[in-house]
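# Overview (structure and organization)
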Amino acid sequence: MTTVFGDFLREASEQMNTAVYCAERSISGVAAIATIDPARRMTTVLLRYLDDLAPERAPAHERLSHLWDRVNHPRVLLQEAEVILHDLDRQLAGRNRNTAHPVPVHVAGAALALGTGHDLLKTHYNPRSDWANAIEDMGVRHAVLDVVARQAQLLGRVMKAARAEVRRAGLDSVRLDRLVTALQTAGDIAFRVTAPGATETLAAVPLRAPQPPSALPVTASVEQLCAGIITNAEGIRTGQPEAGGQLSSADCRRNATAAVVALHCAYQAVTMLTRRHTELHPARELLVRRTLRLSAEGLHRVLDRWQAVRHRWQRLLFDQRRPSPADHLDQMTIRMGRLISTNPEWTFELRNLPTLKSPAELAPTTADMSQILLSVRHAVEALAVLGHRDLAQVTAPGQIEAIHAMSRTTAAVNGQVGASGVRALVGAYRDVVGYTNAVLADLNRAALDTAIPGERPSVMVALSILDRRRDTALVSALFDDTTVANSATASQYTSNIRVATVGAVTAASRSNSDCGRQASKPTR
């Protein structure tokens, strides 16, 4: 079971609610004094959330232009509360403390859980993963502010209940009142109305750790295959190429070959779902059927582009080296094949395309279609991430020249040597990313439209998380800026390939009803 941020957030909320309950019922003087240090640690953790993850990134106090912002900004109020708690803890040094009382124990536990959750979120930044895109989404950042607000208010209630007992220890009552006011006001101001799915996205952020692939069972149901496809897709997305590693044309060609097989299976699955929907609803829900048909046509266009990538590598270089292991990619391809195959033991090594099930075997009812479409959605985007990763290696400084040099000595028979071959390869990769971006919207609508009403909210949240994880820069620029850094040499291979906008790709994907087999190029 993968650890997610929601586990720590739930633990912190339970701990703080228990602390509030115990403090408002009864708290002794020694327990109140023991609560000061855990409360200070809690404010420190909340400030870390504001500094690193909130929409307003650490504004300097003197830059806050309005008097209201200077006095009532959540960060300013929490900093004031932290200073007061630090001074109180210093003044109470040497006093008797009951650290075993439930109130300080639970406040300390909440601070530890929130601090660990913050560390979990920061694991997606070095190196950066696609979950960082979701964390930086404005709706998710407002959800972070909501977390800070709720925890600050609960801490304010604890300190309000402990205020009388701490005052009996001879401390300044004005500062205690100001402490409570600062915490509660910070909680009130930090509240934000979160966008749909933002809170669920924040809670779903996992601990960044490599997930080893599980063993493939001999037989598996459609539900198990779909769950396995999603797991393998996540494994592909979380995998990182070795820093400074050499580009392997064998690996890139293997990735393209696996993508071709997986996308062929995805195209067949969606086509079968379209036929099954016609069988179940021959005279109604025509819009759902149209969305399924558009999804199938878009998948075939992406399949054609992956075929082009594979052919470009074959024409450019002749590499007899064995590719490095890619367990998640291999397993996802096998599961995609078994999803549509009558052979439950089909494998990639059989070198033949799977024999298709009947549409009724794949999806007995409309309610069974959404999970299949959601797994296809995961797989298609994971392959696009893999393609973009290979493209980034191809366009890395020095790699284009290396490919150019190798193509002169190791070109395949009837191969394409030199700048034209490299330019065609880069263009094929960029087409893969562009056409994938175009088909994702249709897959989203198809998965949502085929879900039963009870499952539709969870499907919507799953799709929202996937959309927030996408790199928005890919919409306007289909490869990263490494070619700009290497413009003196790489530009001669890439300058003639203009970026196709997603709107143009989408328009091209819907221009013809019979484009499933022969897709036209995007408008340039």
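Below: a short report on this structure.

### Side note on the overall build of the protein
Looking only at helices and strands, one finds 22 helices and 0 strands in the protein. Surface summary for the protein: the accessible area is close to 23200 Å², and the carbon and sulfur share equals 54%.

### A short note on the packing of helix α11 (residues 249-280) against helix α13 (residues 327-340)
Where α11 contacts α13, the axes come no closer than 9 Å and their chain directions differ by 25 degrees. Regarding the angle of α11 to α13, the classification is roughly parallel. Two packed elements cross with a definite hand, and for α11 against α13 that hand is left-handed. Only Leu329, Thr333, Met336, Gly337 and Ile340 of α13 make contact with α11, whose side of the interface consists of Arg254, Asn255, Ala258, Val261, Ala262, Cys265, Ala266, Gln268, Ala269 and Met272.

### Description of the pattern of salt bridges
For the coordinates displayed, the defined rule picks out 26 salt bridges. Ionic contacts of the salt-bridge type, sharing partners, join the residues Asp130, Glu234, Arg237, Arg377, Glu381, Asp467, Arg469 and Arg470 into one network.

### What to know about the packing of aromatic side chains
All chains considered together, the criterion is met by 1 aromatic pair. Cation over ring: Lys122 sits above Tyr125, and NZ or CZ is 4.9 Å from the ring centre. Against the face of Tyr435 rests Arg305, its NZ or CZ located 4.1 Å from the ring centre.

### Let's talk about helix α2 (residues 29-53)
For an α-helix, 3.6 residues make a turn, and residues three or four places apart therefore share a direction. When the terminal C-alpha atoms of α2 are compared, their 36 Å separation across 25 residues agrees well with the 36 Å that a helix rising 1.5 Å per residue should span. At Ile36, α2 shows its largest kink, close to 25 degrees, and the proline Pro38 lies no more than four residues downstream.

### Section: the environment of Asp330
Structurally, the position occupied by Asp330 is in helix α13. Separated by 75 residues in sequence, Asp330 and Asn255 place their C-alpha atoms 9.3 Å apart.

### Notes on the environment of Ala233
The topology assignment puts Ala233 in helix α10 (residues 222-238). Between the C-alpha atoms of Ala233 and His328, which are 95 residues apart in sequence, the distance is 7.2 Å. Excluding residues within four positions of it along the chain, Ala233 makes contact with Met332, His378, Ala379 and Ala382.

### Examining the side chain of Arg335
Summarising the element assignment, Arg335 is placed in helix α13. Asp327 is the oppositely charged side chain nearest to the buried, salt-bridge-free Arg335, at an N-O distance of 11 Å. Setting aside anything within four residues of it in sequence, one finds Arg335 in contact with Ser214, Ala215, Leu216, Pro217, Leu225, Gly228, Ile229 and Asn232.

### A word on the packing of α2 against helix α4 (residues 74-91)
At a minimum axis distance of 9 Å, the contact between α2 and α4 shows a crossing angle of 155 degrees. As judged from the angle between their axes, α2 and α4 are roughly antiparallel. Crossing angle aside, the handedness with which α2 passes α4 is left-handed. Here Ile36, Asp37, Ala39, Arg40, Thr43, Thr44, Leu46, Leu47, Leu50 and Asp51 of α2 come into contact with α4, specifically with Pro74, Arg75, Leu78, Gln79, Ala81, Glu82, Leu85, His86, Leu88 and Asp89. Classifying every residue of the contact of α2 with α4 by side-chain character gives 10 nonpolar, 4 polar and 6 charged.

### Brief notes about unusual backbone geometry
Residues apart from glycine generally show negative phi values, whereas peptide bonds are mostly found in trans. Of the consecutive residues Asn126 and Pro127, the connecting peptide bond is found in the cis state with omega at -5 degrees. The topology assignment puts Pro127 in the loop between α5 (102-122) and α6 (131-135).

Procedures and definitions
- Residues numbered from 1 in each chain as written.
- Predicted model: local features only at pLDDT ≥ 70, side-chain atom pairs only at ≥ 80, totals over all residues.
- Heavy atoms only, no water.
- Helix = DSSP H or I, 4+ residues; strand = E, 2+ residues; numbered from the N terminus.
- Areas by Shrake-Rupley, 256 points an atom, 1.4 Å probe, with all protein chains shown as cover.
- Axes fitted to C-alpha atoms, helices over the stretch in contact; angles between N-to-C directions.
- Parallel < 35°, antiparallel > 145°, perpendicular 65-115°, else oblique.
- Left-handed = near helix turned anticlockwise from the far one by under 90°.
- Contact = heavy atoms within 4.5 Å.
- Salt bridge = Lys/Arg side-chain N within 4 Å of Asp/Glu carboxyl O.
- Phe/Tyr/Trp six-rings, centres within 6.5 Å; stacked < 30°, edge-to-face > 60°.
- Lys NZ or Arg CZ within 6 Å of the ring centre and 35° of its normal.
- Expected span 1.5 Å × (residues − 1).
- Bend = angle between axes of the 7 residues up to and from the residue.
- Buried < 20%, exposed > 50% of the residue type's maximum accessible area, 1.4 Å probe, protein only.
- Lys, Arg positive; Asp, Glu negative; His and termini not counted.
- Nonpolar A, V, L, I, M, F, W, Y, C, P; charged D, E, K, R; others polar.

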